[in-house]
Amino acid sequence: MLNHFSFRGKINPRNEIYQVWTNDNHSEELFSPGFIKIKTDYIHNNPVRAGWVEEPHEYLYSSAKNYAGMEGIMEVDFLW
């Protein structure tokens, strides 16, 4: 992975060594419980969009299982 990050870092003039994130990421203020839910659902669905799992709660390292009322592998402080 480090080789991949290094390659991406070299082709982007805004980096010195490595690039991990895509260039189009931008921060957004989490201003309401509804907006937090939208963003949390988006994150939980990333493994589904990638084709790794069929349902968000099936991804081992996701808090989606906790939000679905199941016991996950980590302790979660709920945002909404």
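See the structure printed just above.
Note that the coordinates shown come from a computational prediction; the quantities given were computed from them, not determined experimentally. (Residues numbered from 1 in each chain as written. Predicted model: local features only at pLDDT ≥ 70, side-chain atom pairs only at ≥ 80, totals over all residues. Heavy atoms only, no water.)

Undergrad: For the packing of aromatic side chains, give the residues involved together with the corresponding values.
TA: Scanning the entire structure with this criterion turns up four aromatic pairs. Ring geometry for Tyr-67 and Phe-78: centres 4.8 Å apart, planes at 80°, overall edge-to-face. Of this pair, Tyr-67 sits in helix α4 (residues 64-67) while Phe-78 is found in the segment after α4, placing the two residues eleven residues apart along the sequence. On the basis of relative accessibility, which here comes to 48%, the residue Phe-78 falls in the partly exposed class. A network of ring pairs unites the aromatic residues Trp-52, Tyr-59 and Tyr-61 as a single cluster. Note that Arg-49 overlies the ring of Tyr-42, its terminal NZ or CZ placed 4.3 Å from the centroid. (Phe/Tyr/Trp six-rings, centres within 6.5 Å; stacked < 30°, edge-to-face > 60°. Helix = DSSP H or I, 4+ residues; strand = E, 2+ residues; numbered from the N terminus. Buried < 20%, exposed > 50% of the residue type's maximum accessible area, 1.4 Å probe, protein only. Lys NZ or Arg CZ within 6 Å of the ring centre and 35° of its normal.)

Undergrad: Explain the pattern of salt bridges to me, using residue names and the numbers behind them.
TA: With the rule as written, the count across this model stands at two salt bridges. One salt bridge connects Glu-28 with Lys-39, and the closest N-O pair in it is separated by 3.1 Å. Here Glu-28 is found in the loop between α1 (2-11) and α2 (33-44), whereas its partner Lys-39 is found in helix α2, with eleven residues between them in sequence. By relative accessible area, Lys-39 is classed as partly exposed at 27%. For Asp-41, the salt bridge is made with Lys-37, and the minimal N-O distance between the two is 2.7 Å. With Asp-41 and Lys-37 both in helix α2 and four residues apart, the pair spans about one turn of that helix. Residue Asp-41 is classed as partly exposed on the basis of its relative accessible area of 26%. When its relative accessible area of 35% is taken as the criterion, Lys-37 is described as partly exposed. (Salt bridge = Lys/Arg side-chain N within 4 Å of Asp/Glu carboxyl O.)

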